[in-house]
Amino acid sequence: KRLTRNAANLITDFRLLARAATDGKPIISAGEWFLDNFHIVEEQVREVQHDLPPSFYRELPRLMDGPLEGYPRVYGIAWALVAHTDSAFDVERLERFVHAYQQVTPLKIGELWAIAITLRLTLVENLRRLIEIVVARVTDIGRAETMARQILARLAAGDENVSIDTVLDGATVSAAFLTRIEQRLRNQDPGADRIIRDIEGRLAAQGLSSEGVIQEEYQAQSADDISVRNIITAMRLVSNIDWPEFFECVSLVDGALKRHPG
């Protein structure tokens, strides 16, 4: 059910971002990566739907406590790996991770075969979470772009009553919104500079600075870009791993048999 919801949300976000790109609106780098590689995301969803029948899912041992209580144990393993590597893992790191886990708790054969499926599930869910943030940023950037054009048009028409209050009209000011509107208004018009100074004054009253907010926004966008790239790369990796070979490497039963000639 989670996979179905995540897939539906990703399709909705893809269409929104694709429409924005078609309309010539600014799309941040993480959004571009998502648009260019959406076919890979669709492939992961299809693989899970094909390889994870409900009967098999119900047979997997469950976690008895913690934030993922009730979910399959192997799902917790996939989440831990993705979270601690920011999705930037490779097959060697995956093997070491599973070996280390089994030093404490051996995994069943079915769980080892389910690692590929649960990694796909986890990557799709992590991508959905990130793309929600990306869409919110793109939406705020679009609002700032529209507002900046309105401000400059009113100033060009000689409207001296333009102020931050009349412009915002109660709208929420996010870091992405502030960053874009500063870019668009800076050094455009004395009236626009006055509005920027007003914004900076209000930020200062909250103990913030526009430079600090904008710098943090750039860092957040860069981090999201890296995370989305990592997820797409990991999805490609999961599709290319030789899973029977991986199973033989991490299976405790296979390891025990190999230690006994004949």
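Residues numbered from 1 in each chain as written. Predicted model: local features only at pLDDT ≥ 70, side-chain atom pairs only at ≥ 80, totals over all residues. Heavy atoms only, no water.

(A) Summary view of the overall build of the protein. In terms of regular secondary structure, the protein is built from 13 helices and zero strands. Scanning the protein from its N terminus toward the C terminus, one meets helices and strands in the order α-α-α-α-α-α-α-α-α-α-α-α-α. Relative to the compact-globule value of 18 Å for 262 residues, the protein shows a C-alpha radius of gyration of 24 Å, a clear excess of over 25%. By its C-alpha atoms, the protein is 90 × 35 × 30 Å across when sized along the principal axes. Residue burial in the protein is summarised as follows: out of 262 residues, 42% are buried. Residue pairs at least 24 apart in sequence account for 76% of intrachain contacts in the protein once pairs closer than 6 positions are excluded. Accessible surface, the protein: about 14100 Å² in total, of which carbon and sulfur atoms supply 53%. (Helix = DSSP H or I, 4+ residues; strand = E, 2+ residues; numbered from the N terminus. Rg over C-alpha atoms; globule rule 2.2 N^0.38 Å. Buried < 20%, exposed > 50% of the residue type's maximum accessible area, 1.4 Å probe, protein only. Contact = heavy atoms within 4.5 Å. Areas by Shrake-Rupley, 256 points an atom, 1.4 Å probe, with all protein chains shown as cover.)

(B) Highlighting empty space enclosed by the protein. Counted by the stated rule, this structure contains two cavities of 30 Å³ or more. Looking at the largest cavity, its volume works out to about 40 Å³. The wall of the largest cavity is formed by Val74, Ile77, Ala78, Leu81, Leu94, Phe97, Val98, Ile115, Thr118 and Leu119. Taken together, the elements giving at least two residues each to the lining of the largest cavity come down to helix H5 (73-85), helix H6 (91-102) and helix H7 (109-156). Looking at the lining of the largest cavity element by element, the count peaks at four residues for H5. Among the residues forming the lining of the largest cavity, the class breakdown is nine nonpolar, one polar and no charged. (1 Å grid on protein atoms, 1.4 Å probe; cavity = no way out; pocket = protein on both sides within 12 Å on 5 of 7 lines; lining within 4 Å. Points joined across faces, edges and corners; volume = space filled by probe spheres on them. Nonpolar A, V, L, I, M, F, W, Y, C, P; charged D, E, K, R; others polar.)

(C) Molecular detail of helix H1 (residues 2-22). Look at H1: 30 Å from first C-alpha to last across 21 residues, which is about the 30 Å you get at 1.5 Å a residue. Listed as buried for H1 are Leu3, Asn6, Ala7, Leu10, Asp13, Leu17 and Ala20. The buried residues of H1 all sit within an arc of 150° when viewed along its axis, so they share a single face. Turned more than 90 degrees from where H1 packs its buried face, Thr4, Arg15, Arg19 and Thr22 sit exposed. In this structure, the buried side of H1 is in contact with helix H2 (29-36), helix H3 (38-51) and H7. (Expected span 1.5 Å × (residues − 1). Arc of directions from axis to C-beta.)

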